[in-house]
Amino acid sequence: MIQQTALAQARSAYRPKLPASLSAASTAKQTPLPTSSDSEIRALFPNTFDLPAVTFEKGSAPAAASAIRVGVILSGGPAPGGHNVIAGLFDAIKSIHPESSLIGFLNGPDGLLTNKGIEIDAKLLESYRNTGGFDIIGSGRTKLESHEDFLKALETAKSRDLTSLVVIGGDDSNSNASKLAEFAKANNAPLCVVGVPKTIDGDLRGEHIETSFGFDTASKVYSDLIGNIQRDAISARKYWHFIKLMGRSASHIALECALQTHPNITLISEEVAERGLTLKQIVDQISDTVAHRAANGEKFGTVLIPEGLIEFVPEMGALIGELNDTLAHHGDAFNVLESLPLKREFVATKLTAAAASLYRSLPDDIANQLILDRDPHGNVQVARIDTQRLLIDLVEARLKEMKAAGTYKASFSPQPHYFGYEGRCAVPSNFDADYTYTLGFTAALLLREGLTGYICSVRGLTKPAADWQAGGIPMAQMMNMERRHGKMVPVIKKALVELNGPAFKEFEKHRASWARETQYAFPGPIQYFGPAEVCDRPTITLELESGKF
Ligand code: FBP
């Protein structure tokens, strides 16, 4: 039984803010989208591609004639606000028609495939409103992607008399939701599918999706922790903190945390790839900053490292690719070797000269992680690589060389950190609590309209919530073709950090002085009660992108 803390009790009474235009009586306005020239995607989604954008306006839509029976799944990694999407969805379907009902499928797409679900009613929902986590029904990473999966999903929906399904997920889950919507339509199955943009990584976004939910809260939790570490750094004046931050591929979280806390160094994976930086160049850059600061009497500092960095360093990306191939082709011979040194030497002999030399230069524990931690497809689990420790080892080695050459004289005491799970289930900020409730409400209205293949879009997010504009856009229009498991398939494109975008440009303007001087900012913990300018403020990334910062 979860114990109710004082904050949880106070927070359960919070009423998320909704756009003024949103109610069960809102009317839908359709706007044609510019004609896309992507004939390949259009051909794959003949029923759900050429659809208009929809926005909801204040109106007097008549009460719905019949109840909506909705299924909902939470898919992938948790993100703060998932429970409020369900709350917004529930409240909206009930106000659209009091007999409407909501089934929550358990543990992600798996629950839909195996028909394991529970009815979500007002009583169950009550203790989950405004809480973090996905524990009301659980989440999972099973993919809903094959013909058989789609048939099973339709069978489950039919057996429960569902008219609609809401998929709360990231780029992959929404890509698959879009394919299910198309499949249902092509097979005349009466199931509408609507997606909701979720992920702390912030990489499910585009022209109509300003941010995914959870990014706001997670990046604020990490920024609080980074600020605390920086306060310790200027107090103790002896440690260099190497902080890896969650975010599978894109560096949005690292960039947002940098804008909030002004650390000495922030690595941005997209820039590393763009400039083709080697591991050595990255290590030299950090070591030079350490030496420069030490010469000014500051033997402390902070380095932010995005989780996906390693794959974006071109030479490391190539090495990882070769390791994946080697282990796929020589797995049997590799598996019978008894010791780790033997395994390492075995794979090194199968690599090209450049990859082998890089592999042999890595510290043993990292070299081991690269060959031992594999995902179910046999690929290296890059997210599990301790990049913060790898960089510490390499910087230590470089500083030793500099000491020998007389260009560095101080001592170096590093501390590794990894912030990830600390933020994914945090109590949602007011922004995320309001945004997710609005997304859930919007999903219900799209379903009321009988729309399918749409993802919820809420825009104008730097304005007060009352002025947000809610609606939906066809998911198929966000797709591009990508190679997956050797085949070209349509998927929603991951939105990486844009080096020409305002957030990176702002960071670029300041990073040299943040490196040399100590200009730390200490954002403090998320505030739930108090003045709006403290409690409701969105991320700096959003503010910069809307020209408001
Ligand atoms: P989603 O894209 O599913 O939202 O997950 C994001 C994430 O939290 C990444 O930041 C991280 O790399 C990954 O999930 C960790 O996955 P797992 O939950 O399997 O440990």
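Above this text you will find the structure in question.
Definitions and cut-offs
Residues numbered from 1 in each chain as written. Predicted model: local features only at pLDDT ≥ 70, side-chain atom pairs only at ≥ 80, totals over all residues. Heavy atoms only, no water. Helix = DSSP H or I, 4+ residues; strand = E, 2+ residues; numbered from the N terminus. Rg over C-alpha atoms; globule rule 2.2 N^0.38 Å. Buried < 20%, exposed > 50% of the residue type's maximum accessible area, 1.4 Å probe, protein only. Contact = heavy atoms within 4.5 Å. Areas by Shrake-Rupley, 256 points an atom, 1.4 Å probe, with all protein chains shown as cover. Lys, Arg positive; Asp, Glu negative; His and termini not counted. Charge placed at Lys NZ, Arg CZ, Asp CG, Glu CD. Near = heavy atom within 4 Å. Polar contact = N/O pair within 3.5 Å; in protein donor to acceptor, adjacent residues only side chain to side chain. Nonpolar A, V, L, I, M, F, W, Y, C, P; charged D, E, K, R; others polar. Axes fitted to C-alpha atoms, helices over the stretch in contact; angles between N-to-C directions. Parallel < 35°, antiparallel > 145°, perpendicular 65-115°, else oblique. Left-handed = near helix turned anticlockwise from the far one by under 90°. Expected span 1.5 Å × (residues − 1). Pairing = 2+ DSSP bridges. Core = buried A, V, L, I, M, F, W, Y, C linked by side-chain atoms within 4.5 Å. Salt bridge = Lys/Arg side-chain N within 4 Å of Asp/Glu carboxyl O. Phe/Tyr/Trp six-rings, centres within 6.5 Å; stacked < 30°, edge-to-face > 60°. Lys NZ or Arg CZ within 6 Å of the ring centre and 35° of its normal.

Q: Can you explain the overall build of the protein chain? Please cite residues and give values.
A: Helix and strand content of the protein chain: 23 helices and 15 strands. Computed over the C-alpha atoms, the radius of gyration of the protein chain is 25 Å, within 12% of the 24 Å expected from 2.2 N^0.38 for a compact globule of 549 residues. Along the first, second and third principal axes, the C-alpha set of the protein chain runs to 80 × 60 × 50 Å. Burial statistics for the protein chain: of 549 residues in total, 56% are counted as buried. Across the protein chain, the fraction of contacts at a sequence separation of at least 24, relative to all contacts at a separation of at least 6, is 78%. Carbon and sulfur atoms make up 52% of the accessible area of the protein chain, which totals about 22,800 Å². The distance from the centre of the 56 positive side-chain charges to the centre of the 63 negative ones in the protein chain is 2 Å.

Q: Explain the site of the ligand residue by residue, including any values.
A: Taken together, G76, G77, R141, K198, T199, D201, M246, G247, R248, E307, Y421 and R424 make up the full set of residues adjacent to the ligand. Within the side chain of R424, a nitrogen or oxygen atom sits 2.9 Å from an oxygen atom of the ligand. Considered on its own, the ligand offers 480 Å² of accessible surface; in the complex 79% of this is hidden by protein. In the shell around the ligand, the residues fall into 2 nonpolar, 4 polar and 6 charged.

Q: With reference to specific residues and values, describe the side chain of T387.
A: In this fold, T387 is placed in helix α18 (residues 387-404). With residues up to four places along the chain from it excluded, the contact list for T387 reads K244, I305, E307, L309 and I310.

Q: Requested: an account of the packing of helix α3 (residues 82-96) against helix α20 (residues 430-448), with residues and values cited.
A: Closest axis-to-axis distance for the α3/α20 pair is 7 Å, and the angle between their directions is 40°. Considering the angle they form, α3 stands oblique to α20. The crossing of α3 and α20 is right-handed. Two secondary-structure elements touch here, α3 through N84, V85, A87, G88, L89, D91, A92, I93, S95 and I96 and α20 through A433, T436, Y437, G440, F441, A443, A444, L445 and R448. The residue inventory of the contact of α3 with α20, partitioned by class, reads 12 nonpolar, 5 polar and 2 charged.

Q: So what about helix α11 (residues 279-295)? Which residues, and what values?
A: Helix length check: α11, at 17 residues, gives a terminal C-alpha distance of 24 Å against a target of 24 Å (1.5 Å per residue), a fit within 8%. The set of residues buried in α11 consists of L279, I282, V283, D284, I286, S287, T289, V290, A291, R293 and A294. Positive phi shows up at G297, right after α11, with a value of about 80°.

Q: Please set out the sheet that holds strand β3 (residues 69-74) residue by residue, giving values where relevant.
A: Spatially, the 9 strands line up as an open sheet ordered β1-β2-β13-β12-β7-β6-β3-β4-β5, and their pairing is mixed. Because the sheet does not close on itself, it has two edges, and the strands there are β1 (27-31) and β5 (117-119). The sheet shows a mean angle of 25° between the axes of neighbouring strands, direction not considered. Against the sheet, α20 touches β1, β2 (53-57), β3, β6 (164-169), β7 (192-197), β12 (454-459) and β13 (469-474), its axis set at about 135° to β12.

Q: Explain the environment of H330 to me, using residue names and the numbers behind them.
A: Among the structural elements, H330 can be located in the loop between α13 (314-329) and α14 (331-335). Under the relative-accessibility criterion, H330 is labelled partly exposed at 31%. Distance from H330 to T217, taken between C-alpha atoms, is 44 Å for residues 113 residues apart in sequence.

Q: Residue-level account of the nonpolar core, with values.
A: Formed by 74 residues in total, the largest nonpolar core has its most connected members in I86 and L245. Excluding residues within four positions of it along the chain, I86 makes contact with V72, L74, L102, I120, L125, I136, I137 and I168. Counting 50 residues, the second largest nonpolar core, distinct from the first, contains I310, I320, L391 and A410.

Q: Describe the pairing of strand β8 (residues 240-245), listing the residues and the values that go with them.
A: Burial analysis of β8 places 6 of its 6 residues in the buried class, the great majority of the element. Going residue by residue along β8, you find W240, F242 and K244 tucked away on one face and H241, I243 and L245 tucked away on the opposite face as well. As paired elements, β8 and strand β10 (residues 301-306) share 6 bridges and run parallel to each other. Its bridge partner lying in β10, I243 is registered against L304.

Q: I'd like a description of the sheet that holds β10, backed by residues and values.
A: Strand order in the open sheet formed by 4 strands is β9-β10-β8-β11, with parallel pairing between adjacent strands. The strands lining the two open edges of the sheet, one partner per strand, are β9 (265-266) and β11 (414-419). Helix α8 (residues 215-236) contacts β8, β10 and β11 of the sheet and is inclined by roughly 175° relative to β8. Sheet contacts for helix α9 (residues 252-261): β8, β9 and β10; angle to β10, the most-contacted strand, approximately 155°.

Q: Before we move on, can you summarise the pattern of salt bridges with the specific residues and values?
A: This structure, assessed with the given rule, holds 26 salt bridges. With a closest N to O distance of 2.6 Å, R205 and E545 form a salt bridge. In this pair, R205 sits in the loop between β7 and α8 while E545 sits in helix α23 (residues 540-545), placing the two residues 340 residues apart along the sequence. Between D216 and K220 there is a salt bridge, with the nearest N and O atoms lying 2.9 Å from each other. With D216 and K220 both in helix α8 and 4 residues apart, the pair spans about one turn of that helix. By relative accessible area, which is 14% here, K220 ends up buried. One salt-bridge network, held together by shared partners, links E271, R275, K505, E508 and R511.

Q: Any chance you could break down α20 for me, citing the residues and the numbers?
A: In a regular helix each residue adds 1.5 Å, so 19 residues correspond to 27 Å; α20 covers 27 Å between its end C-alpha atoms and thus fits that length. Within α20, 19 of the 19 residues are buried, leaving the element largely enclosed by the surrounding structure.

Q: Which residues make up the packing of aromatic side chains, and what values do they have?
A: Tallying each qualifying case throughout the model produces 8 aromatic pairs. Aromatic side chains Y418 and Y421 sit 6.5 Å apart centroid to centroid with 90° between the ring planes, which places their arrangement in the edge-to-face category. Ring centres of F431 and W468 lie 5.9 Å apart, and the angle between their planes is 65°; this geometry places the pair in the edge-to-face category. With a gap of 37 residues between them, F431 in helix α20 and W468 in the loop between β12 and β13 connect regions that are remote in the sequence. An aromatic cluster of three or more residues is present, and its members are F431, Y435 and W468. Above the ring of Y14, the side-chain terminus of R11 is found at 4.2 Å from the ring centroid.

Read these as layout, nothing more, since geometry by itself doesn't imply function.
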